[in-house]
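Listed below, chain by chain, are the residues.
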Amino acid sequence: AVGGGESTVWGDDAYIAFRSLCKLSMKSQAESAQDMFALRGKLMSLELLKQLIEHAGPRFQGDPRLIGVIKQVLCLSLIKNHSSSEDAVFQMALSIFVKLLQAFRASLKTEIGVFFPISFLQPLDGVSSSGGMPAAPAAGPVPYHRLLLVLRKLAVIGGDQQLLADMFVNYDCELDGASMFERTVAGLARVAQGIYPGDASSLSKEQRAALTFYSLECLTTISRSLTSTIPEEKEAPGAGQAAEDAAEPLKLNVSEDQLDRAGAGEEVATPGGTAPMNGEPVTPGSGTTTAEVEQLRAYKVEYQQGVRLFNKKPRKGVRFMQERGMVGESPADVAAFLKAPGLDKTTIGDYLGDGDEFCIQTMHCYVDALDFARLEFSDGIRHFLAEFRLPGEAQKIDRLMLKFAERYCACNPESFKSADTAYVLAYSVIMLNTDAHNPQVKKKMTLEEFLRNNRGIDEGEDLPQEMLSGLYNAIVTNEIKMKGSDGSTAGGKSQPRVTGLDTLLTIFGGRPTATEALGEDEARRTHENMRRESSNWVSASATVSSRPMLEVAWAPMLGVYSVLFEDVSDPSLADMCLKGFHDVICTASHLSMATVRDAYVTPLAKFTLLQKPSRIAPKNVQAFLTLLQVADRCGNYLNEAWPIVLRTISQYDRVCQVLQARMAGASDSAVSFEGGDDGSLAGTAATLRAKVSAQGGQKSEEPLPPPELFTAVNPEAITKLFIGSDRLESAPIVTFVKALSEVAREELAAPSPRVFSLTKIVETAHVNMRRIRIVWSRIWSILSEFFVVVGLHSNLPVAMYGVDSLRQLAMKFLEHDELANYTFQNEFLRPFVIVMRQSHSAEVRELIIRCISQFVLARVDNVKSGWKSLFMVFTTAAADDSRSIVALAFETIEKVVREYFVHVTQTETATFTDCVHCLIAFANSPLTDVSLNALAFLRFCALKLGAGELGELEAPEAAGAAQVVLSSSKVTRLDSGGLPQSPTAPAAPVPAGDQATAGSARTPRAEAGKLFTDKDVHVYFWFPLLAGLSELTFDGREEIRRSSREVLFDILGYHGGTFTAEFWARIFESVLFPIFDNVRAEIVDATTFVTMSQRSSIDAWLFETCSECLAHVVDLAVQYYAAVVGTLPKLLALLVGFIRRGHQSVSSMGVQALFRLLTKAGPQMDSAMWDVALGEIANAVEGTLPAPEQLSERGEGGERRSLARGWGARRLSETLCFVEIEKELLCELRDLHNHSVRMLSSEQTLRLLDLVARIEANARRINADIELRGTIQALQVEDEVAPEARLPDPPLLEVEIEATRTHLVMLQTVMQTGSGSQSGSVMDSEARIVTVCRANLEAYKECGAQVPEHERSLKAGLAKASLKTLLGLPPTTFRAHVGELFPVLTELVRCSAATSDVLEALSSVFADQVGPLLEA
């Protein structure tokens, strides 16, 4: 290696030797052809040059002098030798260029930009270079051997990923670059598809095949190079982010001032070709990122689109560029744009000559930017017309010439007297140029004619003859041409996608023949074009540029790979196509190019032909293997392509199943549908798989490929895809599972369902179960929904297989313990709950119960939050229509509660409520034995809860959970959210005993230890149990009603001492009172419109239930009076509500319960509570006072209401009921007074007496209303009311008699017991008793013969009682009231209707009371 620029002898010698070799290689083709030795010398020199370039070290590559020789001499040599007719010379020149491209590209950017299209793109585009000259397309056939050589060299270039990246960034992304990579791929794609350059008719079949092979090899090499840029280990792309390498920001090769001017819309000149970005010219630097390269490339494509639009419609093209910020809005900006490469010269001329005001302004700016100073007129007009072609319209030419003349005179003020002279002379020169150089003009203009035409144009004077003569000679000898039309352009730029290689082709001029040698001048002009100034070479990162490169290449590559794979039968070609598919898919997947990835995966899956098995060939099997390889390598990046891959694998399994069935001669009938011999679930699983396989693997009549075709497919490769899914990252595994579930659903929805993907789902879930919880939760959210769909499948074997698969996963999942306060198990087991609730198949529901029973009992130590879902399943089973399912489920629950109760609450105490809900559901079961056992277990649960064996209770997480429990006495839903957990103490097993006597024995009172308050946590645990038992008190079965009542009130009685007053208040409000709400509702709904026989049976049931419950409630109130005293007013109001209900049985129960409560609790009641009680009794009395007058009321329309039906019948029944209730109230009031007279104050005693008097007065008033009585009787007869349902006449006689008698008795009691505080009431009672007795005697003496015997008899008894009462009065009292009594007594003596009993009592009064007064 020589020293880099050092003036040493060795350096000079190396420089001289290298330059000499370059010159030796430049000998002309004609000379070499005549002298074989010269040809051999040329080849030797080229070979030496090749060796030198190939082995050049860093010093050689950095020596400026040697680089200069390469640019000045070697490049010229390569241009000449590239056009050589000798294939060996052509090959050496091409090889040297490839070596230069590999080693010296950083110093030869411009040279490569010119030579690469000549060497590689022209042959691919169909431009022949035979004979040394590139020709226009279709000028002649491209020599086969040279095209083959080009393809081989392109394969070398394509294998260098860094070289491809550098070429793409430096040419495809630069605005004036040749788009070498894009055109290379497009050209290779055309050749590979049989679109050969030039005349393809001369090619033999073998030559065509060779071209196809090598072009396909080039494409696959390029795709493999792109794939090699992908890092070995790359983190999966994030949410929607492209996979990009971190890099430095884009480096700009422009100054700040240039950036400012570019932002203002001014043209900014940048060195060489640059691509603007966001309106600012930039050049890709070494720190360019993928996004920036893509932006540069996109800008170039969009810019070229604007250029094409301009060349068709210039105004639209300018507007297009302005809208995208590529061109400014001012005329000066547009004028600068018109000098850009790629624009059609004729279109530029038309736009500049347009009469539109903006176009005129643009033309003025364009011309004003030209400098004609110190230029001869001929040179000035040449300079003016160098960049555009004059339009054909005279007006446009006129506008252009006017502006030219003005500008020329402004730059050269001394040239002409006025601009008119320049204007006329310019027209004359244009005419001379056309005349002199148009071959159609036969008679050319002479100098004299030219002089004559221009006489007097300088304001009437002639221009100097010498000047005109020189101008004539200059035009005649040198035609005025646009730049590039004769190879004189300095730009020499190729505009890909706009004008192809037209600009480059014009460098070489014309269409030479195949044997025409490249002229010296043409070669040197081409060489000069290479030496133009360009931007610096950018060494791009292959990783950064791979994404935009693939954006360019994927579409043509896809067309090649797809077409060739379908059409060819050559295994080598098919294999290369598959490699191309593999490489592009991997690259696109890693780069997050979803569109490209899916565009390749879809046809690759289609090429497996698994949809049409009869057409499968070995290459299709290879396509399937390639798909598996892609899935294995790029699993983290397939994303939305996974369904395509998995669907193809599923189709492969289907074909294999059919093949196996054909080979075995199996049919549906050959598959066993019986379970395993051991009856275990394992045997059941095998049976289910056999059933489903039998349905999915039915015999098919479609033709199938030979089985030996699939021997190349290793089943382990498919299994690895699923077993190895644990290698997938977090987001990809979720996508994979989602895709797998979609394919599985498609399999199951088929007419013949299959379970291949379902099996793979189980395998995938198995290996991924140990992922971090947040990932596993996302996976299971997909799988749980899927298993629900499978479990509810209409095909029974499929549904059962799905449930069994879920069981397998559950067994695996429960192998590992769960920490406290997590709900993963609950979420995992939720599909069992949903399927159990929604499945219509008894077989599926039974299988669920068996599965759950198995893994619960096997993994009971590890079950934590899963208890919630398990109890949900058993709760649903409790209400199942199948008795066998109910019994089977309860067997498990019984075992859990008996033996594993401590496990239920050891992690989450709130699970206790789930267990209670489940037991309540079983208590509602139609199986009586199950219900009774469930009630016994509920008692056991209450014992555990009351004894504090659940540990420290924790409030549920769900906000307001306790309020939900309290809001209704119904059993609450069990599918609420997860609850916190806490350990619990061991629980004693439930003692075994007779199921029928589960609640028969009263338990003693619990020792006061732990107190339960109205805190939400205590309510949450107690109330589901108590409310459930409350509901069961109205079960349709007598034994269940009885047992539930006993269990409920035994629990309350036993644990009531541990309840605070607030807790008792909630119990009454939410547990006990709702029982009677149900009773009242039942009365209205069930007893209003039923027959008497039905009503009696319903009444008996309600009376039995209600009376028992009321008795228990009263006992609780008495037993825990101090705690429930605050609730006593509500209880009294409830009982009064019963009394006023208007239903005989219920009202009677209310009366009995009310007075039983007051009698038993009376000793504990204070005066205030007695006032409350008396007030409620008064409400009862007032609410039950019979009102027979309402029976005669008319409706709103004035119509009379029948007493035999409807409203009238209900009112009649209510009146009869109230009559009986009044009598019961009188009896109970008398007893209550006798029992509590010493506990009541005088005021309270008077209130009792007033209540009796109120009943008495109401009854006497109604009985005395003769008209009302007659009306009622008439209406009953008219409406044909049944005799037993009629109101007697008088209606309230018995009430009146009973009230009067009660009044007397109570007054006597007050007199007999009055002392102390009661003395005042004694005095009042004496006066009241005299008044009552006198009224009774007066009523009796009025009874005549017209009064019915029954009424007279009752009043006679009342008169007798009154006389005996008077007889018992103290003498002083009688003496005090004798004045008002004596007249009545004497009149009674004369009463003819008086009976002997009355007269005898009257005689005693006269003898014992009146007689002593007379004697005194």
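Scroll up for the structure.
Residues numbered from 1 in each chain as written. Predicted model: local features only at pLDDT ≥ 70, side-chain atom pairs only at ≥ 80, totals over all residues. Heavy atoms only, no water.

1. Observations concerning the environment of Asp 1035
Phase 1 of the analysis: Checked against the element boundaries, Asp 1035 lands in the loop between helix 44 (1016-1032) and helix 45 (1038-1055).
Phase 2 of the analysis: Owing to a relative accessible area of 11%, Asp 1035 belongs among the buried residues under this scheme.
Phase 3 of the analysis: A distance of 2.9 Å separates a polar side-chain atom of Asp 1035 from the backbone nitrogen of Arg 1037. (Helix = DSSP H or I, 4+ residues; strand = E, 2+ residues; numbered from the N terminus. Buried < 20%, exposed > 50% of the residue type's maximum accessible area, 1.4 Å probe, protein only. Polar contact = N/O pair within 3.5 Å; in protein donor to acceptor, adjacent residues only side chain to side chain.)

2. What about the packing of helix 34 (residues 773-791) against helix 36 (residues 824-838)?
Phase 1 of the analysis: Axis separation between helix 34 and helix 36 bottoms out at 9 Å; the angle between their running directions is 10 degrees. Taken as axis vectors, helix 34 and helix 36 run roughly parallel relative to one another. Contacts from Arg 773, Trp 776, Ser 777, Trp 780, Ser 784, Phe 787, Val 788 and Gly 791 in helix 34 reach Phe 824, Glu 827, Phe 828, Pro 831, Ile 834 and Val 835 in helix 36.
Phase 2 of the analysis: Looking at the contact of helix 34 with helix 36 residue by residue, the class counts come to nine nonpolar, three polar and two charged. (Axes fitted to C-alpha atoms, helices over the stretch in contact; angles between N-to-C directions. Parallel < 35°, antiparallel > 145°, perpendicular 65-115°, else oblique. Contact = heavy atoms within 4.5 Å. Nonpolar A, V, L, I, M, F, W, Y, C, P; charged D, E, K, R; others polar.)

3. Some details on helix 58 (residues 1371-1389)
Phase 1 of the analysis: With 19 residues, helix 58 ought to run about 27 Å at 1.5 Å a step, yet its terminal C-alpha atoms sit only 21 Å apart, falling short of that.
Phase 2 of the analysis: The largest bend in helix 58 is about 75 degrees, located at Val 1378. (Expected span 1.5 Å × (residues − 1). Bend = angle between axes of the 7 residues up to and from the residue.)

4. Brief notes about the environment of Leu 1307
Phase 1 of the analysis: Inspection of the secondary structure assignment puts Leu 1307 in helix 55 (residues 1293-1313).
Phase 2 of the analysis: Note on Leu 1307: relative accessible area 0%, which makes it buried.
Phase 3 of the analysis: Sequence spacing of Leu 1307 and Ser 1325 is 18 residues, and the spatial spacing of their C-alpha atoms is 5.6 Å.
Phase 4 of the analysis: With residues up to four places along the chain from it excluded, the contact list for Leu 1307 reads Leu 1249, Ser 1325, Arg 1328, Ile 1329 and Val 1332.

5. Describing the packing of helix 35 (residues 796-813) against helix 36
Phase 1 of the analysis: Where helix 35 contacts helix 36, the two axes come as close as 10 Å, and the packing angle between them is 165 degrees. On the basis of their axis angle, the class for helix 35 and helix 36 is roughly antiparallel. Seen from above, helix 35 lies across helix 36 with left-handed handedness. Counted together, Val 803, Leu 806, Arg 807, Leu 809, Ala 810 and Phe 813 of helix 35 and Phe 824, Gln 825, Phe 828, Leu 829, Pro 831 and Phe 832 of helix 36 form the full contact between these two elements.
Phase 2 of the analysis: Here the contact of helix 35 with helix 36 is built from residues that sort into ten nonpolar, one polar and one charged. (Left-handed = near helix turned anticlockwise from the far one by under 90°.)

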